[in-house]
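# Inside the fold
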Amino acid sequence: MASLRNLKIKIGTCKRITKELHSYEKEVEREAAKTADMKEKRADPYDLKQQAWSNGGMSKNDSAKGYHPSWDIFVSVPVSHGFVVYLYENVLAESRMMIPDCRKRLEASLADIKETLVELESNQQDGSEIEEARSVISEMEALRQTSES
């Protein structure tokens, strides 16, 4: 049985997934530019180490072991130009893989909201959550149309 409280939770979930999607899209843009810039400049390994430190608050010891903030492990390989670019390319690839997953979860969340909304409307329940759900649905459909074109 659907309730206004459940609808409110589903709306919050949809908004959170939308923020997550935008975050991954921005990360892809940022990491793609960073990787291209590194490849173009063929930066000095010392400069690349400094870049790695500034991206995650890592210590010099971490960077010397080849640690990247998005990794859960240390890699005992000396940091060199090619290795750091490889790290950024891995981060970029991981972010790109998350975008379709977020879109899929967003579609599922939106379908769940629509289903709950239909059930609440058939029970003739009323509340501010119903208007908010309609608003979220129209925003998400507009977002879907802009991302498809």
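See the structure shown above.
Cut-offs and rules
Residues numbered from 1 in each chain as written. Predicted model: local features only at pLDDT ≥ 70, side-chain atom pairs only at ≥ 80, totals over all residues. Heavy atoms only, no water. Helix = DSSP H or I, 4+ residues; strand = E, 2+ residues; numbered from the N terminus. Buried < 20%, exposed > 50% of the residue type's maximum accessible area, 1.4 Å probe, protein only. Contact = heavy atoms within 4.5 Å. Core = buried A, V, L, I, M, F, W, Y, C linked by side-chain atoms within 4.5 Å. Expected span 1.5 Å × (residues − 1). Arc of directions from axis to C-beta. 1 Å grid on protein atoms, 1.4 Å probe; cavity = no way out; pocket = protein on both sides within 12 Å on 5 of 7 lines; lining within 4 Å. Points joined across faces, edges and corners; volume = space filled by probe spheres on them. Salt bridge = Lys/Arg side-chain N within 4 Å of Asp/Glu carboxyl O.

### Quick notes on the overall build of the protein
Helix and strand counts for the protein stand at 5 helices and 0 strands. With 149 residues in all, the protein has 32% of them scored as buried. Counting contacts in the protein only where the partners sit at least 6 residues apart, residues at least 24 apart contribute 68% of the total.

### Notes on the nonpolar core
By size, the foremost hydrophobic cluster in this structure holds 20 residues, and its most contacted members are Leu7 and Ile113. Of all the elements in the fold, those that place two or more residues in this core are α1 (4-41), α4 (81-122) and α5 (128-148). For this core, the element with the highest residue contribution is α4, accounting for 8 residues. Not counting residues within four places of it along the chain, the set of residues in contact with Leu7 comprises Ile113, Thr116, Leu117, Leu120, Glu129, Ile130 and Ala133.

### Thoughts on α5
When the terminal C-alpha atoms of α5 are compared, their 30 Å separation across 21 residues agrees well with the 30 Å that a helix rising 1.5 Å per residue should span. Every buried residue of α5 is listed here: Glu129, Ile130, Ala133, Val136, Ile137 and Met140. The arc that holds every buried residue of α5, seen down its axis, measures 115°, which confines them to one face. Across α5 from its buried face, at more than 90 degrees, point the exposed residues Ser128, Gln145 and Thr146.

### Some thoughts on the layout of surface pockets
Of the volumes computed, that of the largest pocket is approximately 200 Å³. Along its surface, the largest pocket is lined by 13 residues, and Leu21, Arg103, Leu143, Arg144 and Ser147 are the ones closest to its centre. Elements supplying a minimum of two residues to the lining of the largest pocket: α1, α4 and α5. Looking at which element gives the most residues to the lining of the largest pocket, the answer is α5, with 6 residues.

### A closer look at the pattern of salt bridges
A full pass over the atoms with the stated rule returns 11 salt bridges. Of the charged contacts, one joins Glu31 and Lys34 as a salt bridge, the two residues approaching to 3.7 Å between their closest N and O atoms. Taken as a pair, Glu31 and Lys34 lie in helix α1 at a separation of 3 residues, close to a single helical turn. Judged on exposure class, the residue Glu31 and its partner Lys34 are both buried. Here Glu107 ties to Arg144 by a salt bridge, and the two come within 3.1 Å at their closest N and O atoms. Of this pair, Glu107 sits in helix α4 while Arg144 sits in helix α5, placing them 37 residues apart in sequence. Each of Arg16, Glu20, Asp101 and Arg105 takes part in salt bridges that share partners, so that together they form one network.

### With respect to α1
Along an α-helix, residues three or four apart share an orientation, since each turn contains 3.6 residues. When the terminal C-alpha atoms of α1 are compared, their 56 Å separation across 38 residues agrees well with the 56 Å that a helix rising 1.5 Å per residue should span. For α1, every residue scored as buried is listed here: Leu7, Ile11, Cys14, Ile17, Thr18, Leu21, Glu27, Val28, Glu31, Lys34, Thr35 and Met38.

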